Amino acid sequence: YAPFVVAGPYEEQHLRAGGTDVIFWIAGTAQASPTSLQAFAQNVANDNQYFEKQFGGSKRPSTVHVIECPPQESELPVRPWLAFTGCMTVPGAIVLPVGSLQAAGSDAKEATLSETMAAQLAASHFYFLARANPSGSPFPMAAAGDYALWSLQLSREGNRASAVQALLRQYQTSEVNHQKPLAAVSRDDGADVRDSAQLKSELFFVALEDRCGAQHVQSSLSRIMQVTSGGTWGVPELRSAMEAECGANLAGIFRDWLDKPGIPEDFAKRYGPPPVE
């Protein structure tokens, strides 16, 4: 289906960076800085190449759209691929609030916007991550984009143990992090419950790295996307792909992380308590 229908004054800028076509749809009549757009295009191209290399990409030439939402849709949820309505991340697209590209006039603002684009692109790479069972939990599948973004950031910063500890501290400071198993969380739960489930799901992918290795986890996600052709998938497909790549029965780790509340004790001990600040 056509992912976007927009109306009104839009400016299109078509740039090429690192073998990737980056097409900007800029709302309104204000002109964005050509220098900034080229820098954003290069960042988008670099991030896109990482996601395609590590998590599998399309067979067609790479094209990414950077789209400013119409004014009535400019307020994005934190994770648009879990939203019911509004501007959602779709394959090959980055969605931004109107005015973002024109307003990025300082180094700090451009760095923040680049981070937002990377997060959107990670979500776009895995599209909706809809469950095979529409009434079932979207977790841990919905955290694949967050995990991909975490992997991208880790490839630049390098200290995996510290990155895992920081992610674990985020989860541990959540007020609702022990209420529900991942398999019991649904879209009908409050934002705090879903946010906690999102963090735990991301940690689950980290635990799979500990068990099978990062390369196998990334290859398994690539395998899923190839088999489903970007379509829906759920826990059975995830486990099947992980076991095929890992060469082991993963019933125990799936049971401990998905069917029980909280973080498994061995994982929490491995990365230690959060430091006192």
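Before reading further, recall that the structure is shown in the block above.
Bear in mind that the values here come from a model prediction, so they are computed numbers and not experimental data.

## Some words on the overall build of the chain
(1) Moving on: For the chain, the count of helices and strands is ten helices and four strands.
(2) Moving on: The buried share among the 277 residues of the chain stands at 49%.
(3) Moving on: Expressed as a percentage of contacts within the chain between residues at least 6 apart in sequence, the contacts between residues at least 24 apart total 68%.
(4) Moving on: When the accessible area of the chain is evaluated, it comes to approximately 13,300 Å², of which 51% is carbon and sulfur surface.

## Points about helix α3 (residues 107-126)
(1) Moving on: Its 20 residues place the ends of α3 29 Å apart at the C-alpha level, agreeing with the 28 Å of an ideal helix rising 1.5 Å per residue.
(2) Moving on: The set of residues buried in α3 consists of E110, L113, S114, M117, A118, Q120, L121, A122, A123, S124, H125 and F126.
(3) Moving on: On the buried face of α3, the contacting elements are α1 (34-55), β3 (63-68), β4 (93-96), α2 (100-103), α4 (144-157) and α7 (214-228).

## Observations regarding the environment of E237
(1) Moving on: By the secondary structure assignment, E237 is in helix α8 (residues 235-246).
(2) Moving on: Its relative accessible area of 31% is what places E237 among the partly exposed residues.

## Comments concerning the sheet that holds β4
Sheet strands line up and pair through hydrogen bonds in the backbone, either parallel or antiparallel.
(1) Moving on: On the basis of which strands lie adjacent, the open sheet formed by four strands has the order β1-β2-β3-β4 and mixed pairing. In this open sheet, the two strands that pair with only one neighbour each are β1 (10-17) and β4. The mean inter-strand angle of the sheet, taken between neighbouring strand axes irrespective of direction, is 15 degrees.
(2) Moving on: Sheet topology note: the β1/strand β2 (residues 20-27) ladder contains eight bridges and is antiparallel. The partner of E11 across the bridge, within β2, is I26.

## So, the side chain of Q198
(1) Moving on: Of note, Q198 is situated in helix α6 (residues 191-212).
(2) Moving on: At a separation of 3.0 Å, a polar atom in the side chain of Q198 contacts the main-chain carbonyl oxygen of A142.

## Topic: unusual backbone geometry
(1) Moving on: Going from F139 to P140, the amide bond is cis rather than trans, its omega being 5 degrees.
(2) Moving on: Looking at where P140 falls in the secondary structure, it is placed in the loop between α3 and α4.

## A few points about helix α5 (residues 160-172)
(1) Moving on: If you check α5, its first and last C-alpha atoms are 18 Å apart, about what 13 residues at 1.5 Å a residue would give, namely 18 Å.
(2) Moving on: Inspection of α5 places A163, V164, L167, L168 and Y171 among the buried residues, and these make up the whole buried set. Angular distribution of buried residues about the axis of α5 spans 135 degrees; they occupy a single face of the element.
(3) Moving on: On its buried face, α5 is in contact with α4, α6 and α10 (265-271).
(4) Moving on: If you check the start of α5, you find a side-chain oxygen 3.4 Å away from the backbone N of A161, and it comes from N159.

## Section: the pairing of β4
(1) Moving on: Burial along β4 is two-sided: the residues A93 and V95 and I94 and L96 are all buried.
(2) Moving on: By the bridge criterion, four bridges tie β3 to β4 in an arrangement that is parallel. Of the residues in β4, the one forming a bridge with E68 is L96.

## Side note on the packing of aromatic side chains
(1) Moving on: What the rule picks out here adds up to ten aromatic pairs.
(2) Moving on: On the numbers, 5.9 Å between centres and 50 degrees between planes, the contact of F204 with F205 is tilted.
(3) Moving on: Relative to F254, the ring of F204 has its centre 5.1 Å away and its plane inclined at 85 degrees; by these criteria the two rings are edge-to-face. Of this pair, F204 sits in helix α6 while F254 sits in helix α9 (residues 251-258), placing them 50 residues apart in sequence. One exposure class covers both F204 and F254, and it is buried.
(4) Moving on: Pairwise contacts between aromatic rings join F55, F126, Y147, W150, F204, F205, F254, W257, F267 and Y271 into one cluster.

## Here we look at the state of the cysteines
(1) Moving on: The full count for this structure, using the stated rule, is one disulfide.
(2) Moving on: Between C212 and C246 runs a disulfide, and the two sulfur atoms are separated by 2.2 Å. For the disulfide bridge between C212 and C246, the dihedral angle about the S-S bond is near -90 degrees, and by the sign convention the bridge is left-handed. Of the two residues, C212 sits in helix α6 while C246 sits in helix α8, which places them 34 residues apart along the sequence.
(3) Moving on: Residue classification places C212 among the buried residues on the basis of a relative accessible area of 11%.
(4) Moving on: Overall, the relative accessible area of 18% leaves C246 in the buried class.

What counts and what doesn't
- Residues numbered from 1 in each chain as written.
- Predicted model: local features only at pLDDT ≥ 70, side-chain atom pairs only at ≥ 80, totals over all residues.
- Heavy atoms only, no water.
- Helix = DSSP H or I, 4+ residues; strand = E, 2+ residues; numbered from the N terminus.
- Buried < 20%, exposed > 50% of the residue type's maximum accessible area, 1.4 Å probe, protein only.
- Contact = heavy atoms within 4.5 Å.
- Areas by Shrake-Rupley, 256 points an atom, 1.4 Å probe, with all protein chains shown as cover.
- Expected span 1.5 Å × (residues − 1).
- Pairing = 2+ DSSP bridges.
- Axes fitted to C-alpha atoms, helices over the stretch in contact; angles between N-to-C directions.
- Polar contact = N/O pair within 3.5 Å; in protein donor to acceptor, adjacent residues only side chain to side chain.
- Arc of directions from axis to C-beta.
- Phe/Tyr/Trp six-rings, centres within 6.5 Å; stacked < 30°, edge-to-face > 60°.
- Disulfide = S-S within 2.5 Å.

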